[in-house]
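So the chains spell out like this:
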Amino acid sequence: MSQQGYHIIEKCRVCGSAGLSKVIDLGMQPLANAFLTEEEIPEEKLFPLTLCRCRDCTHVQLRETVDPELMFRNYVYVSSTSPTFVSHFEKFAEDMVARLGLGPGSLVVDIGSNDGILLKPFQERGCAVMGVDPAVQIASQATLSGITTLCEFFTRDTARRIREDVGPANLVTATNVFAHTEEIYPILSAVKDLLAEGGVFVIEVPYVMSFLNTGLFDTIYHEHISYWSARALHAAATRAGFRIVRVEKVTTHGGSIRVTFKPSDQTDIVDEDVARFINEQVEDSLKSSDIFERFHRAVIVRRDKIVKFVKQERERGKRFVGYGAPAKGNTALNFYGLTDQDIEFIVDDSSWKQSLLTPGTHIPVVDLDYLLSLSPEEHPHYVAVLAWNYFEEIQQKLKEHGFTATCITL
Ligand code: JHZ
Ligand code: ZN
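Residues numbered from 1 in each chain as written. Chains lettered and ligands numbered in written order. Predicted model: local features only at pLDDT ≥ 70, side-chain atom pairs only at ≥ 80, totals over all residues. Heavy atoms only, no water.

Description of the packing of aromatic side chains
Counted according to the given criterion, the structure contains 22 aromatic pairs. On the basis of an interplanar angle of 40° and a centroid distance of 5.0 Å, the ring pair of Phe211 and Tyr227 is categorised as tilted. With a gap of 16 residues between them, Phe211 in helix H7 (residues 208-213) and Tyr227 in strand E11 (residues 226-227) connect regions that are remote in the sequence. Overall, the relative accessible area of 3% leaves Phe211 in the buried class. A ring pair is formed by Phe309 and Phe320, whose centres lie 6.1 Å apart and whose planes are at 90°; its orientation type is edge-to-face. (Phe/Tyr/Trp six-rings, centres within 6.5 Å; stacked < 30°, edge-to-face > 60°. Helix = DSSP H or I, 4+ residues; strand = E, 2+ residues; numbered from the N terminus. Buried < 20%, exposed > 50% of the residue type's maximum accessible area, 1.4 Å probe, protein only.)

Comments concerning the coordination of the zinc ion (ligand 2)
Expected angles at a metal are 109.5 degrees for tetrahedral coordination by four donors and either 90 or 180 degrees for octahedral coordination by six donors. The zinc ion (ligand 2) binds to the protein through Cys12 (SG), Cys15 (SG), Cys54 (SG) and Cys57 (SG); the donor distances cover 2.3 Å. Coordination at the zinc ion (ligand 2) is tetrahedral: its 4 donor atoms span angles of 104 to 113° at the metal. Sequence spacing of the donor residues for the zinc ion (ligand 2), all on one chain, is C-x2-C-x38-C-x2-C. With Cys15 in the loop between strand E1 (6-8) and strand E2 (20-29) and Cys57 in the loop between strand E3 (47-54) and strand E4 (60-62), this pair connects stretches of sequence that are 42 residues apart. Using a relative accessible area of 14% as the deciding quantity, one classes Cys57 as buried. (Donors = N, O, S within 2.8 Å, 3.2 Å for Na, K, Ca; no water. Tetrahedral: all angles 85-135°; square planar, octahedral: opposite > 155°, others 65-115°.)

As for the site of ligand 1
The full set close to ligand 1 counts 25 residues, and Glu223, His224, Lys328, Asp348 and Asp349 are the nearest of them. Here His180 contributes a side-chain N or O atom positioned 2.8 Å from an oxygen atom of ligand 1. Here Lys397 contributes a side-chain N or O atom positioned 3.0 Å from an oxygen atom of ligand 1. Counting only elements with at least two residues in the shell around ligand 1, the list comes to helix H12 (327-336) and helix H14 (391-400). (Near = heavy atom within 4 Å. Polar contact = N/O pair within 3.5 Å; in protein donor to acceptor, adjacent residues only side chain to side chain.)

Here you go:
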């Protein structure tokens, strides 16, 4: 990694082609999870953030790779803050246990295991579990809570040690983490080393077609290096000696896909889903620039509309606050140029973010009690639900506390 803490790629991370085209340039942006204190502001780092696409294999990806040490060691995003996400992984474990016949005697290894949100329900169903996550504090808390977590990036060496110490894995998972790495091929090799005979690798990643068609530009941030299609995953899997045996749509994070890989020397028949997904005409649109130009236009129109609305309402004396301080909210706030002059504070229920400021825009993050302690005259008129994927539950929570402010998305 260069001294600046990032490098720019010249070649596609999946196929190695030099045919990369810019999709959108979001300017200089802080790291989306680098919440900070007042004292840290002078040291705050910004990095270019540019989305591009490969004209050969169609893979959508960032032009820049920020040093993962900078992004993931002091991580503050804790997955279990959102009850819907907890239920999602309970269901995930239930489905996998049934589908793969897991239980006592099986080993499940989760890459990017965070606070153990996914491994906990596997452990409750009798499986042995092992987490791997480079986030120092989160990994140690997960271990204390009973989910043994190796605090490191997942490499072939990690795979070798797990295999030697605990045994080969029947299931390796990587949810919301396979989009976060430049090390696509080293990770796939390491997973292969770790899998037991008949074992599978299951990932969940945001789906590029949902991303493009719904204009989810705020999910562009340095952590999200890849914006996967089934087609690009198929290309990567084939090159790494895997076969994709299943692709399913899941609703998390605005539309994701759950993809099951098996080493290609296993003899299973390819599931029909895969052929359907990979040949689906909808992914054909990735071959031309139209969908990307539409996406770009939609983002600019949305930015201009929102900024105008917020400024106008502020001039009329209306007050704005935010609810949820997700990583993606920081892309939107920074790209729109909204600061604490526009959004007075943001409520987040995660104690990891409270008392800190949002990266780049320096809006204070507070707990719900702060909002509840305001006098009626101080109540905001608008609540920007930055965690739009939890819009209904946040709106409901505010309603239960008697708040009548209008919930909006930015
Ligand atoms: P949420 C994360 O993105 C980070 P983010 C990561 N990089 C990634 O890839 C994606 O997930 C997929 C808060 N909240 O889950 C909690 C409340 O305060 O949308 C979170 O701070 N009260 C791994 O950060 C935030 O909102 C609530 O009632 O965009 C939600 O963040 C609820 C429901 C949420 O992920
Ligand atoms: Zn490519």
